[in-house]
Amino acid sequence: MNNSFQVSGPYESTLYDHDLWSYNGIEFLLPSKNYKNGKNSISSITSVIKEVENSLFECLPLQHFLIEHSQYVIETIAFKVFPNLLERYLNRLITQNDISSLGEAKLYIFGDNRLLFCGGFEFRVYQALINNDKIKIYHSEKISGYNVKLIEINNQYGSKWDVNGEFIRATIGVKSSRELIDAIEQIKLKLINVQPMVDLHIRYHTRAIQTISSRLFPELLKQYLKVSMERTLAEANYILNYERLIQLSFGVNFVKKIRDDIFHEIVMEVYKEFIESEKEWRISTYYIRFKGLKGSFRTYGLWEINDENLSLPYATQPEDIVQSIGEIKEILMSKRSFQEIRHRCLTWTIMQISIRFFSKELESYFHYFAQSLTSNYEIINRDKIVKSIFGTGVQNLQWDTEFKSLLDKVITSEYQKQQVVFIEQNKHINFREDIWKLYSVRGSSTYFTIFDFSKIEQPGIKNEVKHYFRERLKHRDDYINVYKHLPYIVRAMSYFTKYPKVKYLAEIKQFQVESLLNHLQVEAKKVKGENKRISVATIANCISDCKLLVNYVMENATSIKTVAPKKNYFSYITFHNLGNMAKNTEVIPEEIIQGFENHINELHLPFQRLLIIMLNTGMRFKEAVMLEEDCLEPLGDDKEFFKLRYIPWKVLQARRDRGLGDYHTIVVDKQVAYEIEVQMEETKDTRLIWGLKEIFITDLGYRVTICDSNAFCFAINNLIIKHDLRVDGQLWEFTSKQCRKYLAVELVTNGADPAEVTEYLGHLQENTTNIYYNQVRKMNLADMNAEFFRKKFQAVIEPEVLKRFSEEERRRLYVDFCLGYRERELGSCAKHYSDGPCSKRTGRIDCARCEKLSTGPQKLPKWLELKENQQQYVNDLVENYKRDGITDYHEFREFQAEIYLLEHYQSVIDKIIERFGEGDRCVESKCFNVKGV
């Protein structure tokens, strides 16, 4: 057996609904879709080839393959890939099992004698029966020079015959030797006279026509096919493709029913010989040469037209090509859409002809549609242009490289023009319009923001709101941040529609504002299929923005020609403790992080790197995605750690106001640095072409784009859904903010103080850190790290001490220990909450002898220092006793107490060393109770 082989495919084939595969240079056809497993893959075909080879070598039945694969696949692999092994297999099978008919062979090989063998496999089974002298002959006679033998009777699927030593599947329509000879003579006559066999196809089964013509008259079949193609070419200047050849010769549906490999090989041999010969025409002013087909015989024809080389699919009629050239030129000149001719001229043909013959006209054509988008103030992209030209999106197209290159050139030029034109348009807002479309440029990309005032029905109030936003837009370039306030104001102003007398802000009364507040508190909005009340923060924002609006109108009523409100009733409403009501960003649980680690390779590569960077640095999405090519600098020669600098965009203006630089710098390890360096390398050429510094960019050909936060979160949430990553039975919902919260919690739980967290995350005030993470540290820390604290708790507190604590008290104790609230000079205090004030913290030795003190190797230096000082104190005390002539000082309570304390210190030290080791090994934050030492 061959233990080393190469399988490749699938390739497009000439046979309907079949793919071409290759095994060590041996080509064979298989159905495009395995009826059991869907589409075939290299791995599945490789696997079945190995299994078939093993079964043939061991002479085992093949019926177990039918569970996963079709019978046709198994038979084709057997006789095409392993013909010698199949011959050995069949000979052994027939002799060992005394098989004497095709039906018995079917029963043994596939477990069912009702199955139909495919032509090639069936012929080989028959040959094996003859070679072993096992074939059973039901009837034999000689008619009209044909030796006819009936070798299998099957009334349902048709009988099988031996004619002049050739195996014939007569099937339906032939019931006797005479009928068989009649069919043979009719087929032979058709072949000789080169007449269509459509009428025979009605009378006889396709298998009969295939086997009779290919087994008994192979040379006549070849001549028949060759003459058919030449005749069609001469009469109609038309080159038959494979499907059309079969349809004209044998019937419309015949091509779908070719299952005989010998017949197919003969047809392909003739077709290939004919199609590879060059042919020439002169039509009008065009000199046309057909140079054969490129690739498989159902893909591209190679043509030369007036010295221009084209590769045109299915364009096998020269007149059609000439007609297409004329139509394409006329459409280019008139600037119409190609959609009107796409039903008869493929998009690929249009691309090839237009770029080869009319490149200047095509460029002008592209500019026309590009300028149309600019005139309508639509941001240009490839998809919009293609839809205008072909009526379909880019995802459905097969591109010609030169055509696409010219299109991208035009789009790039127009895109740069739009950035100037659209930004200039922002200065000319049409105040009378209810919809304002404002443009901004970030990096190399253009974005737009739509301000929609149409939902405000009162003209007076609408006018005041427009003036307010126009004033705000004068001083801001980041239109999106101004836009965020519009929905709140529109929501409130739309409510006042129920009061017909309220036509201006000045006419709004206090009771109406209070009614609005009540409406907002009870109003429901539908979120993901559920009715949820509007959050308090949203209500507060709505009232706050309305207050600013009224203040503006009060101050500028004269200039905007409206009625000035006498009072701002929105300012009467105040909200307390909003911070406590806000919904906190959730922290990613460890099981979700583990799921990310297991399946991160399924994400798009830039998304993989962004997730790793954000989880390990706490950077916001914009900060990570806007990293620049010079953001890394190694720390030291070993390159274990790196300095990473980035712009904290959210607080950039505040940093500048404080005199701080634009960049914030943190330290990262080599794993994070590696991900950044790989991304830098992958986008190096793109940055060079476009003159950009950002590393997370993608070249679209006509412009570059940067990774989008919505697409990033969408991809990760799809990953969560795919692998069913749940917390407490619910699918986790990922947002990019959770990465920053996750790192903050990791820093806190690993002992970082607020100042360190503030510095690393780039907060401008420590209060921000305390506010942002206070709820996490005091309420959720134990829940988020339950397994971690549980393990750590057992290491810190002995079981007998733990017995006094309820489950809730233990949870509080977890948090106290991790946050250092119970930290003492020599360890941590495990005093119960009901014990009241500590009575041990009044003496010189403080907590050293308390059984509730939990200590460990991190406190070993302090214990050694205490023991050394206590030893010196005892030695001094003994010297004093001796100087005073006291010899029985061992009986003194004072001396016994100091000796006890010295021994206690030594016992604690011994216990620490015994449990945790010495030196560098005593660095882990592990503790035990002093009690019992």
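Please refer to the structure placed before this passage.
Residues numbered from 1 in each chain as written. Predicted model: local features only at pLDDT ≥ 70, side-chain atom pairs only at ≥ 80, totals over all residues. Heavy atoms only, no water.

Caption draft 1: Broad picture of helix α8 (residues 206-216). Counting buried positions over the 11 residues of α8 gives 11, a clear majority of the element. Of the positions making up α8, those classed as buried are Thr-206, Arg-207, Ala-208, Ile-209, Gln-210, Thr-211, Ile-212, Ser-213, Ser-214, Arg-215 and Leu-216. (Buried < 20%, exposed > 50% of the residue type's maximum accessible area, 1.4 Å probe, protein only. Helix = DSSP H or I, 4+ residues; strand = E, 2+ residues; numbered from the N terminus.)

Caption draft 2: Inspection of the pattern of salt bridges at higher detail. All told, the structure shown has 24 salt bridges when counted by the stated rule. For Asp-630, the salt bridge identified is with Arg-645, shortest N-O distance 3.3 Å. Of this pair, Asp-630 sits in the loop between α25 (621-625) and β18 (632-635) while Arg-645 sits in strand β19 (residues 641-646), placing them 15 residues apart in sequence. For Glu-865, the salt bridge goes to Lys-862, with nearest N and O atoms at 4.0 Å. Placement of both Glu-865 and Lys-862 in helix α36 (residues 860-883) is noted, with a separation of 3 residues, approximately one turn of the helix. Overall, Lys-862 belongs to the partly exposed group, its relative accessible area being 26%. Because the salt bridges share partners, they merge into one network encompassing Glu-330, Arg-336 and Glu-340. (Salt bridge = Lys/Arg side-chain N within 4 Å of Asp/Glu carboxyl O.)

Caption draft 3: Region of interest: the pairing of strand β7 (residues 146-152). Here β7 lies mainly inside the structure; 5 of its 7 residues are buried. As paired elements, strand β6 (residues 139-143) and β7 share 5 bridges and run antiparallel to each other. Within β7, the position partnered with Ser-140 by the bridge is Lys-149. Two successive antiparallel strands, β6 and β7, enclose a turn made up of 2 residues, where Ser-144 displays a positive phi of approximately 50°. As paired elements, β7 and strand β8 (residues 160-163) share 4 bridges and run antiparallel to each other. Bridge pairing links Glu-152 to Lys-160 in β8. (Pairing = 2+ DSSP bridges.)

Caption draft 4: Quick peek at unusual backbone geometry. For Asp-98, which is not glycine, the phi dihedral falls at a positive 50°. Mapped onto the fold, Asp-98 is located in the loop between α3 (83-97) and α4 (102-110). Unusually for a residue other than glycine, Ser-144 sits at a positive phi of about 50°. You can see Ser-144 is positioned in the loop between β6 and β7.

Caption draft 5: Structural view of the packing of helix α1 (residues 42-58) against helix α2 (residues 71-81). α2 packs onto α1 with a crossing angle of 65° between their chain directions and a minimal axis gap of 10 Å. As judged from the angle between their axes, α1 and α2 are roughly perpendicular. By crossing handedness, the relation of α1 to α2 is classed as right-handed. Every residue of α2 that contacts α1 at Val-48, Ile-49, Val-52 and Leu-56 is listed here: Ile-74, Ile-77 and Ala-78. (Axes fitted to C-alpha atoms, helices over the stretch in contact; angles between N-to-C directions. Parallel < 35°, antiparallel > 145°, perpendicular 65-115°, else oblique. Left-handed = near helix turned anticlockwise from the far one by under 90°. Contact = heavy atoms within 4.5 Å.)

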